[in-house]
Amino acid sequence: MSLKARVHVTLKNGVLDPQGEAIRQSLGALGFDGVEKVRQGKVIELLLDDGDPAAAKAKVEAMCEKLLANTVIENYAVEIG
Amino acid sequence: MKTAILVFPGSNCDRDLAVAFERATGERPMMIWHKETELPAGIDVLGVPGGFSFGDYLRCGAIAARSPIMGAVRDFAGRGGHVLGICNGFQVLIEAGLLPGALMRNQGLDYICRDVLLKVETTACPFTHGYQLEEVLRIPIAHHDGNYFADEAVLDQLEGEGRVAFRYTDAQGASVASANPNGSARNIAGILSENRRVLGMMPHPERLCDAAQGGIDGARMFSGMLAQIAA
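Residues numbered from 1 in each chain as written. Chains lettered and ligands numbered in written order. Predicted model: local features only at pLDDT ≥ 70, side-chain atom pairs only at ≥ 80, totals over all residues. Heavy atoms only, no water.

Draft legend 1. Fine view of the pattern of salt bridges. Residue and element names in this part refer to chain B. Under the defined criterion, the tally for this structure stands at 21 salt bridges over all chains. Taking the shortest distance from any N to any O, the salt bridge between lysine 2 and glutamate 27 comes out at 3.5 Å. Of this pair, lysine 2 sits in the segment before strand E1 (3-7) while glutamate 27 sits in the loop between helix H1 (14-25) and strand E2 (30-33); the two residues are 25 residues apart in sequence, bridging distant segments of the chain. Residue lysine 2 is classed as partly exposed on the basis of its relative accessible area of 36%. Judged by its relative accessible area of 34%, glutamate 27 falls in the partly exposed class. Residues glutamate 159 and arginine 186 are paired through a salt bridge, measuring 3.3 Å at the closest nitrogen-oxygen approach. Of this pair, glutamate 159 sits in helix H4 (residues 152-160) while arginine 186 sits in the loop between strand E9 (164-168) and strand E10 (188-192), placing them 27 residues apart in sequence. (Salt bridge = Lys/Arg side-chain N within 4 Å of Asp/Glu carboxyl O. Helix = DSSP H or I, 4+ residues; strand = E, 2+ residues; numbered from the N terminus. Buried < 20%, exposed > 50% of the residue type's maximum accessible area, 1.4 Å probe, protein only.)

Draft legend 2. Seen up close, helix H3 (residues 88-95) of chain B. Residue and element names in this part refer to chain B. Most of H3 is tucked away: 8 of the 8 residues are buried. Where H3 is concerned, the buried positions are Asn88, Gly89, Phe90, Gln91, Val92, Leu93, Ile94 and Glu95. Positive phi shows up at glycine 97, right after H3, with a value of about 80 degrees.

Draft legend 3. Local environment of the environment of leucine 99 of chain B. Residue and element names in this part refer to chain B. Tracing the chain through its elements places leucine 99 in the loop between H3 and strand E5 (102-104). C-alpha separation for the pair leucine 99 and leucine 192, spaced 93 residues apart in sequence, amounts to 7.2 Å. When sequence neighbours within four positions are dropped, the list of residues in contact with leucine 99 reads Phe90, Leu93, Ile94, Ile191, Leu192, Ser193, Val198, Leu199 and Gly200. (Contact = heavy atoms within 4.5 Å.)

As structure tokens, then:
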């Protein structure tokens, strides 16, 4: 049985996000008022050959620590299933 | 003096760096493919070149920093080996944990390719030994992700230990916001490791080593390195 994992990688609070700010300004130019802040991140989906959700989550968290996220500037959250 | 240069898929400044190394040392550097797991014995300086290793996928330098050769690079640096990372090479060294902080998307979001002015902040390092302290150099940059970030404690530590090698400044050497091309914290353009033998920098000294390139401000990085390391 395989499991799907979804990793959300987002910039930590306090880290400037120039891309998010550019998106916010562009939204304003399109007439979408009231957007106070935009933070951009990424989503990484993995299909795992693993039947145990807890073990899969631990494995994906290890992947985040070693490669998928740069923990100097990024937070990550792992969803299984 | 023996030098070597790492080559990743997407490296594109490896040959320029090889020319700069050879011009200074008289010996052609060894080019090391990223799939190797050992560095040749007897190397004095290892160059990590600019380019777009692995297409900048995931994060700039992230994939290269986990490639097979990097274990040997870490050992080499740990034994006190000299490592020079330029542009993507700086990104690789940061992702590999050999230098602190992170290099983020340029604040203005643009890819920037032009000359900038840099102030030499320390000459207590083989790579900056050939310059005068506080000398202002003209060196090109060419990057999209050179916005140096570290938390305040790390920045204070780098400053306190004299590990900021270069700062973006105006012609008078003032690190004003208008001289900062990419939003880097405290105008930082290059930093040193704790033992001062690993230098990472965004600007490209190897691109300004010959009068035919429009300037020679980069050349003394390599001649100074030779003078100090071979001595």
